[in-house]
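# Descriptive analysis of the structure
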Amino acid sequence: MKFFFAATFLATAAAFSPAPQGNAGTALYGGNPGDYFAGPSLEFTGGTDPNNKNIKKGSLEERLAEADTERRKAREAAEARERAAEIAREERLRKIAYMNEMPDNQPAGTVDEFMFKEGVQDQLDKLDRDLVGLIPVKSRVKEIAALLVLDKMRRKLGFETSVPSLHMSFTGAPGTGKTTVAVRMGQILAKMGYARRGHVVLATRDDLVGQYVGHTAPKTKEMIKKAMGGLLLVDEAYYLYNAANDRDYGQESIEILLNVMENNKDDLVVAVAGYKDRMDTFFSYIPGFASRIGNHIDFPNYGADELVEIAAVMSRDLEYHLSPDALPVFKQYIEMRMNLPYFSNARTVRNAMDRARMNAAIRLYDTYAIQGVNGGNITPEELMSITGQDFQVLVDDIVYADASKRIFA
């Protein structure tokens, strides 16, 4: 009786329920009431179990082959380590035998022999010729060269040697010779066998840091790749770190550089350069950088007499001759320019020399082409001369120009 009333109630409810429209849902139970547990909802269709990705696909034979490959790679790596250790042991035994058999009076060679034979002395002489003054800098470079020479002499006798920390920090104002010293150091390292190529790659923040996520690492690694075997000079390195922005991309570049400085120091020398006060602040933020640099070289500003001598060197290299009346006028200009903003030592001298050459060209053109002196014929001596008149134009620009325009004199 209870079943009869229940069936009647269900039939009545079905009569008054709305008819299914459009996309009706799939019935959970199909067929007769007795077939409730045989519907499609309980059939396994593969599903989307996230653990399925951990199940290795393929036949048993493929899985066994993959496992065999992994075991083979592990075995080869272990054998490579054993071979490397055996080679190191054999090398040490040969060194011990060499030192035991070596006579006590075995000559290691003279320092001069190594300096000249390897070409180190030639590079130091070039440094003396190219750079005026900078006695502390030249002394430091010679000390580094002496360390490398003595290290090579020790190696010749079989003593234990290790590559010293050659990473460098150059601090000083613009135009004090930092890039020139870096180039000479790269050549010295190449001559002594501490660098494969000895070239110098100059980089700034724009060369190392990207503009969006994922862009910095490729840029930094590309510059490192270019510098491998030589010296990477990072100019104004403090711009790599932005203390006001913890999410600045420069931090990623710094981490890559630190890793390379530690793990690839046998094949790459990293030098950072910039103003001393800013570099000190940078090292305080990134102490790992300072601890990896073994050579801190400070470049002092030039004096007026040294800058006059630099002008003479530049004129010699350009095959010009400074007339006797030119040097006093140039020194007057330099002394005035040193008191103005944006003074850049040797770079300012180079700009002044370029302007003096232009003034000499204008003077000669006006004399011989416009006025027709000597029938327009110019002698070689006149083409090579820069006079005091050519530098006087620069002095007049400072004396008579507006205060805001004097920096361009």
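In case you missed it, the structure is sitting above this.
Just so it is clear, the structure is predicted and the values come from calculations on it, not from any experiment.

Before going further, it helps to examine the overall build of the chain. Assigned secondary structure in the chain consists of 16 helices and seven strands. For the chain, the residues scored as buried account for 34% of the 409 residues in total. In the chain, once contacts between residues fewer than 6 apart in sequence are set aside, the share between residues at least 24 apart is 76%. When the accessible surface of the chain is totalled, it reaches about 25400 Å², and 55% of it is carbon and sulfur.

Counted as a void, the largest pocket has a volume near 640 Å³. Secondary structure elements with two or more residues in the lining of the largest pocket: helix H6 (178–191), helix H12 (304–317) and helix H14 (346–370). When residues in the lining of the largest pocket are grouped by element, the largest group, six residues, is from H14. Taken together, the residues of the lining of the largest pocket break down into 13 nonpolar, seven polar and nine charged.

Turning to the packing of aromatic side chains, a few remarks are in order. For the coordinates displayed, the defined rule picks out seven aromatic pairs. Arranged with centres 5.5 Å apart and planes meeting at 70 degrees, the rings of Phe170 and Phe299 form a pair that is edge-to-face. With Phe170 in strand E1 (residues 168–172) and Phe299 in strand E5 (residues 295–299), the pair connects residues that are 129 residues apart, well separated along the chain. Phe299 matches Phe170 in its accessibility class, with the two residues each being buried. An angle of 35 degrees between the planes, with centres 5.2 Å apart, marks the rings of Tyr241 and Tyr285 as tilted. In this pair, Tyr241 is assigned in the loop between strand E3 (231–235) and helix H9 (250–263) and Tyr285 in helix H10 (residues 276–285), connecting sequence segments 44 residues apart. Grouping aromatic residues by their ring pairs yields a cluster made of Phe282, Phe283 and Phe289.

So, on to the sheet that holds E1. As summarised here, the arrangement of the five strands in space is E2-E3-E4-E1-E5, forming an open sheet in which the pairing is parallel. Each having just a single partner strand, strand E2 (200–203) and E5 make up the two edges of the open sheet. The sheet shows a mean angle of 20 degrees between the axes of neighbouring strands, direction not considered. Judged from the four bridges that link them, E1 and strand E4 (residues 269–274) form a sheet pairing that is parallel. Across the sheet, residue Phe170 finds its bridge partner in E4, namely Ala273. Lying on the sheet, H6 is in contact with E1, E2, E3, E4 and E5; it crosses E1 at an angle near 160 degrees.

Rules of the game
Residues numbered from 1 in each chain as written. Predicted model: local features only at pLDDT ≥ 70, side-chain atom pairs only at ≥ 80, totals over all residues. Heavy atoms only, no water. Helix = DSSP H or I, 4+ residues; strand = E, 2+ residues; numbered from the N terminus. Buried < 20%, exposed > 50% of the residue type's maximum accessible area, 1.4 Å probe, protein only. Contact = heavy atoms within 4.5 Å. Areas by Shrake-Rupley, 256 points an atom, 1.4 Å probe, with all protein chains shown as cover. 1 Å grid on protein atoms, 1.4 Å probe; cavity = no way out; pocket = protein on both sides within 12 Å on 5 of 7 lines; lining within 4 Å. Points joined across faces, edges and corners; volume = space filled by probe spheres on them. Nonpolar A, V, L, I, M, F, W, Y, C, P; charged D, E, K, R; others polar. Phe/Tyr/Trp six-rings, centres within 6.5 Å; stacked < 30°, edge-to-face > 60°. Pairing = 2+ DSSP bridges. Axes fitted to C-alpha atoms, helices over the stretch in contact; angles between N-to-C directions.

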